[in-house]
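Notes for the structure review
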Amino acid sequence: MSMNLTPIGELLIAKQLVSEQDVERALQLQPQLDARLGQILIRIGAISEDNLLPVLAQQLDIPLLDETLLPSTAQMIEQAAQLGGLSTNWLLEQEIVLWENVDGTIACASPNPLNSFARETLCNAYQQHQLQWSFVRSRDIERMANLIRSDSVSAMFSDEVAHLRELAEEAPVIELVNNTWAQAIDIGASDIHIEPEEHGFEIRFRVDGILTTKMSFGRDRFDAVVSRIKLISGLDIAERRLPQDGRISIRASGIDIDIRVSVIPGVHGESIVLRLLPKERKDFSLKRLGMEQDHLNKFRKWIKEPHGIVLVTGPTGSGKSTSLYAALAEANDRQKKIITVEDPVEYKMDGITQIQTHAEIEYTFARALRAILRHDPDIIMIGEIRDLETAEIAVQSALTGHMVFSTLHTNDAIGAFNRLIDMGLEPFLVASSLRAVQAQRLVRRLCSHCAKPLSHDEMMQLAPADFAEQMLELQGRFPTLMTESAKWHHATGCPQCQNTGYRGRVGIYEFVEVTTELQAAIVQRLPTHEVNLLAKRDGYRNLREDGLIKARNGLTTIDEVMRVTGLSNQVAS
């Protein structure tokens, strides 16, 4: 065995996986926690196990086992345990999985293969066999435990708060929850979904808008995990019948983040969704949104308007809040009073007064807006126009000299006019107060490490039937955006992008400016297709068209654009 004698803390700092401050803090905690430095770093949220174990394996010259090499059945583990006169329960308590190889050696896998007590016990139990130790991830140990426990696990729920608190404070549970957050941060997840099933539960991460299962655990761990999350987010541990919402501020994988917690009851137990909101996200530059130059010019012009309403529309998770924050950052020249009303305040910005609504004390959007109109604002940002009362105050604000930014849930930009009218606003108020509407979605950005260029012939084979006609029309309408040669690519997949072919996301947009002609169309309530034609004369293109331009420029793929925009979002005609 050839070990690297450099301390693990120095190795991690050298690889820029942790900071010197994190290591110093872990060393200070080591005497009272009586644990290895790596375990403490995971516990305090400085690093994930996925980043720690490869470095430990290299330092100690102990291999890190791939999950595909672990036993496929519980019988293999049970037979090896019986061979040494050990119980599987003891092995699971020690976080060890073992099995007999074809050559008679005993493979021993553990997240902590240096556990002296476990090593000594196994040496005595298997005196006639050679032991082969390796590192393995905690989630793989849990998966093996599920194989063993699957027949005996029962979905028992305890209503005793004291017992639930005790579960939540157990060190393995704390490490599991903290490690889950760290892993999610490492791969750039926006949400963590904890979903109970009849005999276990899954943890899924949403990365670039797509949910993927990352871990599966036995049902016996579920109560402890839920209790831990509820405890630190200030929720009622004993309440399992009603939805609850909370918030946590933690440090994970070396990053300070806020976590928005949503708990809802289901038939198999409570489902939890955690929205990850990094505190250190400060760059809300408009250029990072991925707008084409014509859209960027229009958006900047709208931001400088002295009064009126600019709406950003789209479903949940389409990047509306990011666009609004970028608009506020652009407008924040410290010469204007900017006030926001949000639920919740996702990112804190300097130089802006941000207000959090509280429905439980009836501090709603409408009530907050009435108050801030007396606070001499120049620009108002409303998190969402949800009802007629909020819409009426937004219109009143716009007509009395204020610039209002807000979001609205509609499928496209042109649908926003009818949505406001259906809420109860008079058409002439909608027409006179609205300056512009922007609709948006997020498409996954091609991974720069593995994207494969496509020739024109290959592209035509993969493209929809009317693709050539669509691209010719776009070339005629937006020649300045398509001056360079096409850069079509195909997603392949590599370790850098978790084998998805994509890494990160970019926005696709619809922009509708409310011109004099469009105001008349809104007041007359003309059909959508006629409004569409009017908008098209002023440079409007729909989400599909904007996505195709980005695919042509090598930012994403046609498949991804079609996935996000659907089959019905055809080229405007």
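None of these values were measured; they are calculated from a predicted model.

What counts, and where the lines are drawn
- Residues numbered from 1 in each chain as written.
- Predicted model: local features only at pLDDT ≥ 70, side-chain atom pairs only at ≥ 80, totals over all residues.
- Heavy atoms only, no water.
- Axes fitted to C-alpha atoms, helices over the stretch in contact; angles between N-to-C directions.
- Helix = DSSP H or I, 4+ residues; strand = E, 2+ residues; numbered from the N terminus.
- Parallel < 35°, antiparallel > 145°, perpendicular 65-115°, else oblique.
- Contact = heavy atoms within 4.5 Å.
- Nonpolar A, V, L, I, M, F, W, Y, C, P; charged D, E, K, R; others polar.
- Buried < 20%, exposed > 50% of the residue type's maximum accessible area, 1.4 Å probe, protein only.
- Pairing = 2+ DSSP bridges.
- Right-handed = clockwise from strand over helix to strand, strands pointing away.
- Salt bridge = Lys/Arg side-chain N within 4 Å of Asp/Glu carboxyl O.
- UniProt positions renumbered as here; feature names shortened; annotations may be inferred.
- 1 Å grid on protein atoms, 1.4 Å probe; cavity = no way out; pocket = protein on both sides within 12 Å on 5 of 7 lines; lining within 4 Å.
- Points joined across faces, edges and corners; volume = space filled by probe spheres on them.
- Phe/Tyr/Trp six-rings, centres within 6.5 Å; stacked < 30°, edge-to-face > 60°.
- Lys NZ or Arg CZ within 6 Å of the ring centre and 35° of its normal.
- Core = buried A, V, L, I, M, F, W, Y, C linked by side-chain atoms within 4.5 Å.
- Expected span 1.5 Å × (residues − 1).

Take the packing of helix 10 (residues 171-186) against helix 11 (residues 222-232) next. Put simply, helix 10 and helix 11 touch, their axes get as near as 10 Å, and they point 75° apart. Taken as axis vectors, helix 10 and helix 11 run roughly perpendicular relative to one another. From helix 10, V173, I174, L176, V177 and W181 reach across to helix 11, where they touch A224, V225, R228, I229 and I232. Among the residues making up the contact of helix 10 with helix 11, the classes are represented as 9 nonpolar, no polar and 1 charged.

The next subject is the pairing of strand 13 (residues 379-382). Burial along strand 13 is two-sided: the residues I379 and M381 and I380 and I382 are all buried. Here strand 11 (residues 338-342) pairs with strand 13 via 4 bridges, running parallel. If you follow I338 over to strand 13, its bridge partner there is I379. Judged from the 4 bridges that link them, strand 13 and strand 14 (residues 403-408) form a sheet pairing that is parallel. From the neighbouring strand, I382 faces strand 14, where its bridge partner is S406. Remark: the strand 13/helix 15 (residues 388-399)/strand 14 crossover connection has right-handed handedness.

The next point concerns the pattern of salt bridges. In total, this model carries 30 salt bridges according to the counting rule given. In this structure, R386 and E384 form a salt bridge, with 3.3 Å as the shortest nitrogen-oxygen distance. The exposure class assigned to E384 is buried, which follows from its relative accessible area of 18%. The network of salt bridges with shared partners includes E292, D294, R541, D546 and K550.

This part takes up the UniProt feature "domain: Bacterial type II secretion system protein E" (unreviewed entry) in the chain. This chain's UniProt record puts "domain: Bacterial type II secretion system protein E" (unreviewed entry) on residues 373-387. Within residues 373-387, the helical portion is 0% and the strand portion 27%, while the C-alpha atoms at the span's ends are 18 Å from each other.

Of the pockets and cavities examined, the second largest pocket occupies roughly 1,100 Å³. What lines the second largest pocket is a set of 42 residues, among which Q39, E95, S138, P172 and E175 lie closest to the centre. Counting only elements with at least two residues in the lining of the second largest pocket, the list comes to helix 3 (37-43), helix 4 (49-60), helix 6 (88-93), helix 8 (138-149) and helix 10. A total of 7 residues in the lining of the second largest pocket trace back to one element, the largest contributor, which is helix 10. When the residues that make up the lining of the second largest pocket are grouped by side-chain class, the tally is 20 nonpolar, 11 polar and 11 charged.

Let us look at the sheet that holds strand 3 (residues 131-135). Strand order in the open sheet formed by 3 strands is 1-2-3, with mixed pairing between adjacent strands. Each having just a single partner strand, strand 1 (97-100) and strand 3 make up the two edges of the open sheet. In this sheet, neighbouring strand axes are inclined to one another by 20° on average, regardless of whether the strands run parallel or antiparallel. Direction of pairing for strand 1 relative to strand 2 (residues 106-110): antiparallel, over a ladder of 4 bridges. Counterpart to L98 in the pairing with strand 2 is C108. Helix 5 (residues 74-83) contacts strand 1 and strand 2 of the sheet and is inclined by roughly 80° relative to strand 1. In the packing of helix 7 (residues 116-125) onto the sheet, the strands contacted are strand 1, strand 2 and strand 3, and the crossing angle to strand 3 comes to about 155°.

So, about unusual backbone geometry. With an omega of 0°, the peptide bond running from D343 to P344 counts as cis. Its place among the elements puts P344 in the loop between strand 11 and strand 12 (353-356). Despite not being glycine, R334 shows a phi value in the positive range, around 65°.

This part covers the packing of aromatic side chains. For the structure shown, the criterion picks out 11 aromatic pairs. Look at F299 and F511: their rings are 6.1 Å apart centre to centre, the planes differ by 80°, and that puts the pair in the edge-to-face class. Here F299 is found in helix 12 (residues 293-303), whereas its partner F511 is found in strand 18 (residues 502-513), with 212 residues between them in sequence. In this pair, the class of F299 matches that of F511, namely buried. Three or more aromatic residues link up through ring pairs in this structure, and these residues are F299, W302, Y509 and F511. In this arrangement the basic side chain of R541 is found over the ring face of F478, its NZ or CZ atom lying 4.7 Å from the centre.

Residues L311, F417, L420 and L434 are the most contacted members of the largest nonpolar core, which totals 42 residues. If near-sequence neighbours (up to four positions away) are discounted, L420 is found in contact with L311, I385, L408, L425, V430 and L434. Listed in part, the 34 residues of the second largest apolar core include V177, F222, V226 and L274.

Right, let's get into helix 2 (residues 20-33). Along its 14 residues, helix 2 runs 19 Å from first to last C-alpha, staying within 8% of the 20 Å computed at 1.5 Å per residue. Within helix 2, the full set of buried residues consists of D22, V23 and A26. D34 sits one or two residues past helix 2 and shows a positive phi near 50°.

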